[in-house]
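Structural description and commentary
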Amino acid sequence: MSSLKTSLRTHTCGELTDKSINKKITLCGWVNTTRDHGGVIFIDLRDHYGLTQIVFDPKSNKETHKIAEKLRREDVISISGTVKSRKSGMINKNLKTGKIEIFANKLEIINKAKTPPIEIDDRIEPSEEIRLKYRYLDLRRPKMQKHFTFRHKVSQVAREFMNNQKFIEIETPLLVRATPEGARDYIVPSRVNPGKFYALPQSPQLYKQILMISGFDRYYQFARCLRDEDLRTDRQPEHTQLDLEISCVTSEDIMNIVENLYKDIFKKVLNKSLPKFIKLTYAESIDKYGTDKPDLRFGLELINVTDLVKKSEFQVFKNAPLIKCVHLEKSKLSRKEVDSLIDLSIKEGAKGLAWMKYNGKALESSIVKFFPEKTQKELIKELKLKKDSLLLFLADDKEVVNDVLSKIRTELANKLDLIDKKDFKFCWITDFPLFSWNQEENKWDAEHHIFSMPTQETVKYLEKDPSKVIGDLYDIVLNGIELGSGSIRINKPELQKKVLEVIGIPQKEAEEKFGFLLQAYEFASVSHGGMGLGFDRLVALMLGFNDIREVISFPKNKAAQCPMDSSPSSVDEKQLKDLHIKKNVVK
RNA sequence: GCCCUGAUAGUGUAGUCUGGCCUAGCACAUAGCCCUGUCAAGGCUAUAACCCGGGUUCAAAUCCCGGUCAGGGCGCCA
């Protein structure tokens, strides 16, 4: 007997096989398709588990056949009947239940359906707008049912892994203190505290650190994180992260645990064995790929040629602080395609993109004449050019070269189809600088977050030269997308205050805003660290999507609205009055 | 705040570059009829659309201007 048997059904639409021949059963579900032959009528009945073919034969039951003639797609019905095996020629191999069919002798229409505005079908992909407005119908589609079953599986494997590693799941508040750093907070007015506001958490960061101070050795949580910032394909106002924190660890320990977590997930969910994750320092990653989120599914590493080509008469190269190039072997790029890459570089902020082609004997391009023969020979030799090698050069200051050339690298890979879509290449990026210089505000910013521990070797530069301070920080990157980041936390209040001072939060302000955290650390904590792992992104990538809305049940549109329930909405004057809030909408 | 792209029946699209052959094509859906073995059934018939406003032109789905909406990106997102 089925474990999913209820008072209203004996089986689901996805489980009956030839083992159940002649059984009397009851199914309940949606009419997926009807095929009326004038006489016999076939109905594919659908529920979460699959499809089952129901047969209405006028010869055996006139009454039900008459009702069946009226059935339309998406009506919900309950049918009782007998499981019959199909003759050999009539087996449907595309269906789990394709070896059987149900001869109905009782049919009850539970609910007639209005004609749905979208097909419950994976053939036609409706527009984003329609999908979100009728999300409940969109979610009925087999594809979406699969996405959420898949997501559930991933989260179950992750939970199981965490539990086995002795992590305990602890929930932290949704109504929290607003934070001055980082993203814009969603704020919630407090009725009982006029003029005061809670914030919705951007992450459980402070709470999990405090949980370590409290002595909970290993914590995790599937935590909802909220940010009031503009949306993107991979950014929603709320997203889920697998948040974790561990006591008495080094970053190595944490990376090991997280690496094993991902390996376990890929093994158990996709049956894929992942090799050991590559580790790059921030400096190495910037050097080779121009970004701290490198996509390692393809090569095309950036080559620093500053010293090699600086001596040229080419003004652009002569004056540039950094010159890097990408070496494309066996290039078949047309002049037009190269031009479009040049356009891309300009759009992304470079002044241009220089190129040279090697024909097997000599370099060709309009700029070759500016380079002494010796330099040309060195280039050919050093970069091991072969016939039809194409070099794309970018000369500018450090930031522009790395930023733009990394985009050129990705563009090339997409254009030349160098990426195996089924490949998953994880890597760790470590040794991030703790601070970055904010030119607009003329101050230091925290590169990751303000609670990260400086490394022992570089902590001494904290006051003299913050740019030299390296954080005990690590990011996990999958296929060029940042999946999560973490660090060992500062657990000494004095050091924390110093770090806050560097980024322009003086002691007094620090006391006011983070006093509770600093105070907690006064009571002594073991060293600890952790990570926040983007869960929507992981699931989406595993399924081959960039769009996280594919794995979020009720996402917001680009304007952060939900077309289904029309949120955000206005509220009653009474509600506002209770909250001591006056509307002052400026347009 | 800025940039780019798009808007054609219920849904998804063709047509727009190069105005006229568009009385707007196709698929799915919907309605009706035929059909007793189909299976994302088949056949026939029918219903149904050029986002809004202005302009250019003999003529606008098509070109121009303004707006609205949607999507993608930049900024922003420690």
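Residues numbered from 1 in each chain as written. Chains lettered and ligands numbered in written order. Predicted model: local features only at pLDDT ≥ 70, side-chain atom pairs only at ≥ 80, totals over all residues.

**Description of the protein's contact with RNA strand B**
Within the structure, RNA strand B sits among 56 residues, and Gly 38, Gly 39, Ala 183, Asp 230 and His 449 are positioned closest to it. Going through the elements one at a time, β1 (24-36), β2 (41-47), β3 (50-56), α2 (128-133) and β19 (443-446) are the ones with two or more residues in the surface near RNA strand B. Of the residues belonging to the surface near RNA strand B, the class tally is 14 nonpolar, 17 polar and 25 charged. (Near = placed C-beta within 6 Å. Helix = DSSP H or I, 4+ residues; strand = E, 2+ residues; numbered from the N terminus. Nonpolar A, V, L, I, M, F, W, Y, C, P; charged D, E, K, R; others polar.)

**Regarding the sheet that holds strand β4 (residues 76-85)**
Pairing in this closed barrel of five strands is mixed, and the strands run β1-β2-β3-β5-β4 around the ring. On average, each strand axis in the sheet is inclined to that of its neighbour by 55°, with strand direction left out of account. In this structure, β1 lies alongside β4, joined through seven bridges in antiparallel fashion. When the bridges of β4 are listed, Thr 26 appears paired with Ser 80. Its contacts with the sheet put helix α1 (residues 62-69) on β1, β2, β3 and β5 (100-111), and the angle it makes with β5 is roughly 65°. (Pairing = 2+ DSSP bridges. Axes fitted to C-alpha atoms, helices over the stretch in contact; angles between N-to-C directions. Contact = placed C-beta atoms within 7 Å.)

**Examining the pairing of strand β13 (residues 322-328)**
The buried fraction of β13 is high, at six of seven residues. Summarising the sheet, β13 and strand β16 (residues 389-396) pair through seven bridges and their orientation is antiparallel. Note that in β16 the partner of Val 326 across the bridge is Leu 392. (Buried ≥ 20, exposed ≤ 12 C-beta atoms within 10 Å, placed from the backbone.)

**As for the sheet that holds strand β11 (residues 278-281)**
Reading across from one edge, β6-β9-β10-β22-β21-β20-β17-β11 is the order of the eight strands in this open sheet, with mixed pairing throughout. Taken across any chain shown, the strands that pair with only one partner, and hence form the sheet edges, are β6 (168-169) and β11. Contacting β11 and β17 (426-430), helix α7 (residues 282-289) crosses the sheet at an angle of about 95° to β11. Those strands touched by helix α15 (residues 535-543) are β9 (218-226), β10 (238-247), β20 (473-478), β21 (481-488) and β22 (528-534), and its axis lies near 50° from that of β22.

**Let's talk about the environment of Tyr 134**
Counting through the fold element by element, Tyr 134 comes out in the loop between α2 and α3 (135-138). Not counting residues within four places of it along the chain, the set of residues in contact with Tyr 134 comprises Pro 117 and Ile 118.

**A look at the domain arrangement of chain A**
Assigned domains of chain A: these are domain 1 (18-111), domain 2 (144-279 + 425-552) and domain 3 (298-415). Relative to domain 2, the C-alpha centre of domain 1 lies at a distance of 51 Å. (Domains from an automatic or database assignment.)

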